[in-house]
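What follows is the residue order along each chain.
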Amino acid sequence: MNELVKKAIEARQKSYSPYSKFAVGAALEAEDGTVFTGCNVENASYGLTVCAERIALMKAVSEGAIKFRRIAIVADHPQPTPCGACRQVLYEFAPELEIILANTKGETETVKLSNLLPKAFRF
Ligand code: THU
């Protein structure tokens, strides 16, 4: 199995998702090969929940990484895909990001962020 997907699976195990019970893991690979992981972190005030992808991205940027090659996202879903908010936040740093969508059965599909978010907003 792809190493980045393995790291996303590991990160998913840390998911704090007592409300939705939908665990998500992400592994974001920076240009220099460093991998930043994330899981979704929910809150009793539901709207404060943060997705796995944005946790990984915020960790990376706060550690000084701003250029990215790939992200792997894992969820127990037939066709996992990042939400609109995460697409926009990832687009800020990596419009051509390669996104590996994986489910817990080990099925994967690779897409480009620019295809998931056409005509994205940018300054
Ligand atoms: N979630 C993610 O972490 N990433 C996605 O790509 C989709 C949704 C989380 C948010 C919430 O904790 C749970 O999945 C259900 O929406």
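In case you missed it, the structure is sitting above this.
Residues numbered from 1 in each chain as written. Predicted model: local features only at pLDDT ≥ 70, side-chain atom pairs only at ≥ 80, totals over all residues. Heavy atoms only, no water.

1. Observations regarding the packing of aromatic side chains
Taken as a whole and judged by the stated rule, the model has three aromatic pairs. Judged by centre distance (5.4 Å) and plane angle (40 degrees), the rings of Y19 and Y46 are tilted. Of this pair, Y19 sits in the loop between α1 (3-12) and β1 (24-30) while Y46 sits in the loop between β2 (35-39) and α2 (52-62), and the two are 27 residues apart along the sequence. Take Y19: its relative accessible area is 39%, and that puts it in the partly exposed class. Ring centres of F68 and F93 lie 6.4 Å apart, and the angle between their planes is 80 degrees; on these two criteria the pair is classed as edge-to-face. Highlighted residues: F68 in strand β3 (residues 68-75) and F93 in helix α3 (residues 84-93), separated in sequence by 25 residues. F68 gets classed as buried once you look at its relative accessible area, which sits at 11%. (Phe/Tyr/Trp six-rings, centres within 6.5 Å; stacked < 30°, edge-to-face > 60°. Helix = DSSP H or I, 4+ residues; strand = E, 2+ residues; numbered from the N terminus. Buried < 20%, exposed > 50% of the residue type's maximum accessible area, 1.4 Å probe, protein only.)

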